[in-house]
Amino acid sequence: MAVSSLRVAVLCCDGLYQRHLVRRAAEDFTLVGVVLQVSPPASRSTLSRLAKYRRPLRLLRQLIARLLLRPHDRRGAALQRQLFHHNDGPPKLPDGVPVLVTSAINEQRTADFLRQVAPDIVLVNGTQLLRAPVLELIPTLRHGIINLHTGLSPYSRGANCNLYMLMEGHPELVGVTVHHIDPGIDSGDIILSAHVPMQPDDDVETIDVRSFQVGIELLIEAARRLEAGTAPRVPQWEKGKLFLRRTGYVYEPWQRLMANRRIARGLVRDYLADQARRDGAVRVVGGEQP
């Protein structure tokens, strides 16, 4: 496939999946710049970071969860290597592409960098919520700023959505969404969405890995359709669930353990046995994954 002349910039955290996204953008489009959001230097002491575990039972629960999750983590890491490594190693950023590294994605430097590289579209995954001055660039971009959300909007928005949907017994609501960025949380108009394919022997970790595989390709496809003028734009039709700290959802490792126990008791197997009916009750935009 010939490289498109569509000028693409990527805003993302610096992780395995996000470097794969950058690589895919460079393969299919004219990649003009990358903004990597990295964690700021630790400002709290080790003791203060451990303060949240000052209750012995909570600390014990976390330690046990991490121990019992090791086999699941190994399965997830093996699938990561299979799907995302290239030339026997993790993907590297393409040579010759301007890169800005920041610990604050919404600082003025980000907006200035994007103006300088002049993209037609900006692809986003894994950053902090975008605010001014970055959002103020949207009217100046031919195809705007679009985000990969690893959850099935509008049914779920926020963080760790697929994990919580599995914990709550709803594998049919595990998916990925590509949407236009607006000031809300994963609330912009949807371009494409898809379920994440599951297998009977899956666990939370393999489902999570596969969600990024499907999601990144969906993000690339959305950019192609926007360039071609064939992309749908669907306002979100319900509020759904918002998985955030302020709504009572705080991620801790034991939650993965609980979800994996539900899966071991047949959650995914039962879903796959009735998948057509359960998926049929869930609306996705633009069909399933490409």
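This structure is a prediction, so every number in the text was calculated from the model and none was measured.

**Some points on the sheet that holds strand β4 (residues 121–125)**
The strands making up a sheet are joined through hydrogen bonds of the backbone, oriented either antiparallel or parallel.
Link 1 in the chain: Strand order in this open sheet of seven strands is β3-β2-β1-β4-β5-β7-β8, and the pairing throughout is mixed. A strand with exactly one partner marks an edge of an open sheet, and here the two such strands are β3 (99–102) and β8 (190–195). Strand after strand, the sheet turns through a mean of 15 degrees between neighbouring axes, direction not considered.
Link 2 in the chain: For strand β7 (residues 175–180) and β8, the ladder comprises five bridges, and the chain directions are antiparallel.

**Some remarks on helix α5 (residues 108–117)**
Link 1 in the chain: Taken residue by residue, α5 has T110, A111, F113, L114 and V117 as its buried positions. Down the axis of α5, the buried side of the element spans an arc of 160 degrees, and every buried residue falls inside it.
Link 2 in the chain: On its buried face, α5 is in contact with β1 (7–13), β2 (30–37), β3 and β4.
Link 3 in the chain: Backbone geometry just downstream of α5 places A118 in the positive-phi region, at approximately 55 degrees.

**Structural notes on the layout of surface pockets**
Link 1 in the chain: As a volume, the largest pocket reaches approximately 920 Å³.
Link 2 in the chain: Considering the residues around the largest pocket, the lining is formed by 34 residues, among which H149, T150, G158, A159 and N160 are closest to the centre.
Link 3 in the chain: Breaking the lining of the largest pocket down by element, the ones donating at least two residues are α1 (16–28), β4, β5 (145–149), α6 (161–167) and α7 (204–228).
Link 4 in the chain: Among the elements that make up the lining of the largest pocket, the one with the highest residue count is α7 (five residues).
Link 5 in the chain: Considering only residue class, the lining of the largest pocket consists of 16 nonpolar, 14 polar and four charged.

**A few points about a nonpolar patch on the surface**
Link 1 in the chain: A cluster of nonpolar side chains, namely L57, L60, I64, L67 and L68, defines an oily patch on the protein surface of about 490 Å² accessible area.
Link 2 in the chain: Tracing the backbone through its elements, the reader meets I64 in helix α3 (residues 56–68).
Link 3 in the chain: Accessibility expressed as a relative area gives 41% for I64, which makes it partly exposed.

**Points about the pattern of salt bridges**
Link 1 in the chain: Considering all chains together, one arrives at 21 salt bridges under this definition.
Link 2 in the chain: One network of salt bridges, with partners in common, ties together R23, R24, E27, D28, E217, E221, R224 and R225.

Definitions and limits used
- Residues numbered from 1 in each chain as written.
- Predicted model: local features only at pLDDT ≥ 70, side-chain atom pairs only at ≥ 80, totals over all residues.
- Heavy atoms only, no water.
- Pairing = 2+ DSSP bridges.
- Helix = DSSP H or I, 4+ residues; strand = E, 2+ residues; numbered from the N terminus.
- Axes fitted to C-alpha atoms, helices over the stretch in contact; angles between N-to-C directions.
- Buried < 20%, exposed > 50% of the residue type's maximum accessible area, 1.4 Å probe, protein only.
- Arc of directions from axis to C-beta.
- Contact = heavy atoms within 4.5 Å.
- 1 Å grid on protein atoms, 1.4 Å probe; cavity = no way out; pocket = protein on both sides within 12 Å on 5 of 7 lines; lining within 4 Å.
- Points joined across faces, edges and corners; volume = space filled by probe spheres on them.
- Nonpolar A, V, L, I, M, F, W, Y, C, P; charged D, E, K, R; others polar.
- Patch = residues over 30% accessible without salt bridge, like charges linked within 9 Å, V, L, I, M, F, W, Y side chains within 5 Å.
- Areas by Shrake-Rupley, 256 points an atom, 1.4 Å probe, with all protein chains shown as cover.
- Salt bridge = Lys/Arg side-chain N within 4 Å of Asp/Glu carboxyl O.

The values are spatial; any link to function lies outside them.
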